[in-house]
Amino acid sequence: MVSLVPTISSTISRLNLLPKSSFHYTLRGLRTLQLQHKQRSPVWFPLNSSFNRLSANLSFSNFNSPKPRNENPAIMDDDLVVLGIETSCDDTAAAVVRSNGEILSQVVSSQADLLAQYGGVAPKMAEEAHSQVIDQVVQEALDKANLTETDLSAVAVTIGPGLSLCLRVGVQKARQIAGCCNLPIVGVHHMEAHALVARLIERKLQFPFMALLISGGHNLLILARDLGQYIQLGTTIDDAIGEAYDKTAKWLGLDLRRSGGPAIEELAREGDAESVKFSVPMKQHKDCNFSYAGLKTQVRLAIESKKINAEIPISSASSQDRISRADIAASFQRVAVLHLEERCERAIEWALKIDPSIKYLVVSGGVASNQYVRSRLNQVVMKNDLQLVCPPPSLCTDNGVMIAWTGIEHFRVGRFDPPPPANEPEDTVLDLRPRWPLGEEHAEGRSDARSLRRARIHPSLTSLIQASMQQQS
Ligand code: KG4
Ligand code: ZN
């Protein structure tokens, strides 16, 4: 069963289980890329190395050119065609994107039903759901693009951060395709992809720029100085805003099948945002970090005091009960977003001190699909003479386009891994990075609260890239 939802220049499909397919592959574009980048050797990180080996001793791929079967020396940068695969959380997504920015296809299979049933992501269930649909999602992306694997230049896949059981499904699929077709592979940072997809839709968006990345698991304020070069201005010390939206929706008995965020956004339109007095988090902390755990508790207490029963779905609630729920939704949303506004104001100040040439604030990640969030942040940005760049909602929530595009950006500068062996054994140790910071923390933004939780964190993307560049020079 396939239903189609239109988007900017492509088609997204949300699909359910269908039979598996098999693949036959060849290579295209790699040789040309190697010629174009022959001055720079590739500096991506092996996807099949173990976490320990990688953190102890950073190693880089030595690209030994495989013999391309479809050699075409006329292929230019803008002829690259990359398949992107995303399975870091609860959406199985794939897309095919051309390096000129054309989205050839976009497919998302969401685990919304599981989410509604369990009220959150259960890793083992999510892994099973990814495994069931991954072949179909990828095949559908190729079919919609009117391509076969033989037309691809590379495969990009999310390697972190995220749930390792889920990441594994996407990485195995990417390696299977890349191995069979002799294609290079690019390991992508999920949060970098949320930020960089803005450069696909806004071609004027050059580095440096700022980004606020707001999703179910992350709340990040970054200064993007260059590709792979990020300064982390702020992050959450506990929960992300998307988690707060999802829990509030669950406790208010809303329909979670489209996830909690859209349900709260809709209900909040009926409510009085000033009616319930929630306090804005972290007022006393003059930094750019976030906290949503306390606001969640305030919401839960308000729900209890109004005797709202989440077992009664909102569709069956009395009109008075519905008004109470709408008031809580609206009041929660106002304060949750005020927290974003305050942190963005300060981050803009900090970022402009570091680099006064910044002109844009990108707002991306699932929560950035929210119209109220967009309009409030637009006010902040305009007040500071900056411009807001928000990808369309289908590119804010998890998707394969952002992974393919980020793969293209890194591939162009020679950061990729060589094709894995064909028929790689299933027990190969994969390089998955469940906890993987994007950049180094800005000195002023360092939070003591989080320093206790740094166990098993992978070196940041920025530090890995800097180390590789130093090694090369
Ligand atoms: O980026 P994303 O798709 O996945 C993660 O990387 O986490 O973000 C998912 C989050 C969920 O918490 C969802 O409730 C939230 O984004 N979200 C929204 C809206 N659409 C999705 N939150 C508020 N308003 C929305 N319209
Ligand atoms: Zn995401």
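Residues numbered from 1 in each chain as written. Chains lettered and ligands numbered in written order. Predicted model: local features only at pLDDT ≥ 70, side-chain atom pairs only at ≥ 80, totals over all residues. Heavy atoms only, no water.

### Section: the nonpolar core
Line of reasoning, step 1. Core analysis: the biggest nonpolar cluster contains 73 residues, and L83, I85, V96 and F209 have the highest contact counts within it.
Line of reasoning, step 2. Here this core gathers at least three residues from each of two domains, domain 1 (81–205 + 394–446) and domain 2 (209–389).
Line of reasoning, step 3. Look past the residues within four positions of L83 in its chain and what remains in contact with it is A94, A95, V96, V138, L152, A154, V155, A156, I177 and A404.
Line of reasoning, step 4. Formed by 57 residues, the second largest nonpolar core is a distinct cluster that contains M210, A302, L340 and W350. (Core = buried A, V, L, I, M, F, W, Y, C linked by side-chain atoms within 4.5 Å. Buried < 20%, exposed > 50% of the residue type's maximum accessible area, 1.4 Å probe, protein only. Domains from an automatic or database assignment. Contact = heavy atoms within 4.5 Å.)

### Considerations on the site of ligand 1
Line of reasoning, step 1. Around ligand 1 lies a shell of 21 residues, among which G216, D246, E265, G366 and D398 are the nearest.
Line of reasoning, step 2. One nitrogen or oxygen atom from the side chain of H194 is found 3.2 Å from an oxygen atom belonging to ligand 1.
Line of reasoning, step 3. V367 has a polar backbone atom sitting 3.5 Å from an oxygen atom of ligand 1.
Line of reasoning, step 4. Relative to its unbound accessible surface of 550 Å², ligand 1 loses 91% to contact with the protein.
Line of reasoning, step 5. When contributions to the shell around ligand 1 are tallied by element, the ones reaching two or more residues are α6 (190–201), α7 (241–251) and α8 (260–268).
Line of reasoning, step 6. In terms of residues, the shell around ligand 1 owes the most to one element, α8, which gives four residues.
Line of reasoning, step 7. Residue composition of the shell around ligand 1, by class: four nonpolar, 14 polar and three charged. (Near = heavy atom within 4 Å. Polar contact = N/O pair within 3.5 Å; in protein donor to acceptor, adjacent residues only side chain to side chain. Areas by Shrake-Rupley, 256 points an atom, 1.4 Å probe, with all protein chains shown as cover. Helix = DSSP H or I, 4+ residues; strand = E, 2+ residues; numbered from the N terminus. Nonpolar A, V, L, I, M, F, W, Y, C, P; charged D, E, K, R; others polar.)

### Some details on the state of the cysteines
In protein structure, a disulfide is the covalent linkage between the sulfur atoms of two cysteines.
Line of reasoning, step 1. According to the stated counting rule, one finds zero disulfides in the structure shown.
Line of reasoning, step 2. C180 takes part in no disulfide bond, and the closest cysteine sulfur to it belongs to C181, at a distance of 6.3 Å.
Line of reasoning, step 3. Accessibility expressed as a relative area gives 30% for C180, which makes it partly exposed.
Line of reasoning, step 4. A residue is classified by how much of its surface remains accessible, and C181, at 0% relative accessible area, is buried. (Disulfide = S-S within 2.5 Å.)

### Some thoughts on the coordination of the zinc ion (ligand 2)
Ideal geometry at a metal gives 109.5 degrees between four tetrahedral donors and either 90 or 180 degrees between six octahedral ones.
Line of reasoning, step 1. Bound to the zinc ion (ligand 2) on the protein side are H190 (NE2), H194 (NE2) and D398 (OD), at distances that span 2.1 Å.
Line of reasoning, step 2. When the donors of the zinc ion (ligand 2) are listed by position in the chain, the intervening gaps give H-x3-H-x203-D. Of this pair, H190 and H194 both sit in helix α6, four residues apart, which is roughly one turn of that helix.
Line of reasoning, step 3. A residue is classified by how much of its surface remains accessible, and H190, at 5% relative accessible area, is buried. (Donors = N, O, S within 2.8 Å, 3.2 Å for Na, K, Ca; no water.)

### Focus: the pattern of salt bridges
Line of reasoning, step 1. On inspection of all chains with the given rule, the structure shows 21 salt bridges.
Line of reasoning, step 2. The partner of E409 in a salt bridge is R199, with the nearest N and O atoms 2.8 Å apart. Residue E409 is located in helix α13 (residues 400–412), and its partner R199 is located in helix α6; the two are separated by 210 residues in the primary sequence.
Line of reasoning, step 3. Overall, the relative accessible area of 5% leaves E409 in the buried class.
Line of reasoning, step 4. Using a relative accessible area of 15% as the deciding quantity, one classes R199 as buried.
Line of reasoning, step 5. Salt-bridge contacts for E243 lead to K247; the nearest nitrogen and oxygen are separated by 3.0 Å. Of the two residues, E243 and K247 both sit in helix α7, four residues apart, roughly one turn of that helix. (Salt bridge = Lys/Arg side-chain N within 4 Å of Asp/Glu carboxyl O.)

### Thoughts on the sheet that holds strand β8 (residues 209–214)
Line of reasoning, step 1. On the basis of which strands lie adjacent, the open sheet formed by six strands has the order β12-β11-β8-β9-β10-β13 and mixed pairing. In this open sheet, the two strands that pair with only one neighbour each are β12 (387–389) and β13 (440–441).
Line of reasoning, step 2. In this structure, β8 lies alongside strand β9 (residues 219–226), joined through six bridges in antiparallel fashion. Bridging from a neighbouring strand, M210 pairs with L223 of β9.
Line of reasoning, step 3. On the sheet, helix α10 (residues 319–354) packs against β8, β9, β10 (229–234) and β11 (360–364) and is oriented at approximately 20° with respect to β9.
Line of reasoning, step 4. Here helix α15 (residues 461–472) sits on the sheet and contacts β10 and β13; the angle it forms with β10, its principal contact strand, is near 150°. (Pairing = 2+ DSSP bridges. Axes fitted to C-alpha atoms, helices over the stretch in contact; angles between N-to-C directions.)

### Examining the environment of A122
Line of reasoning, step 1. Mapping A122 onto the fold places it in the loop between α3 (112–118) and α4 (123–144).
Line of reasoning, step 2. What makes A122 partly exposed here is its relative accessible area of 28%.
Line of reasoning, step 3. A C-alpha to C-alpha distance of 9.8 Å links A122 and L163, two positions 41 residues apart in sequence.

### A few points about the side chain of H190
Line of reasoning, step 1. Here the side chain of H190 touches H194 through a polar contact of 3.1 Å, side chain to side chain.
Line of reasoning, step 2. Only 3.1 Å separates the side chain of H190 from the side chain of D398, close enough to count as a polar contact.
Line of reasoning, step 3. Look past the residues within four positions of H190 in its chain and what remains in contact with it is E86, S88, T158, G160, P161, D398 and M402.

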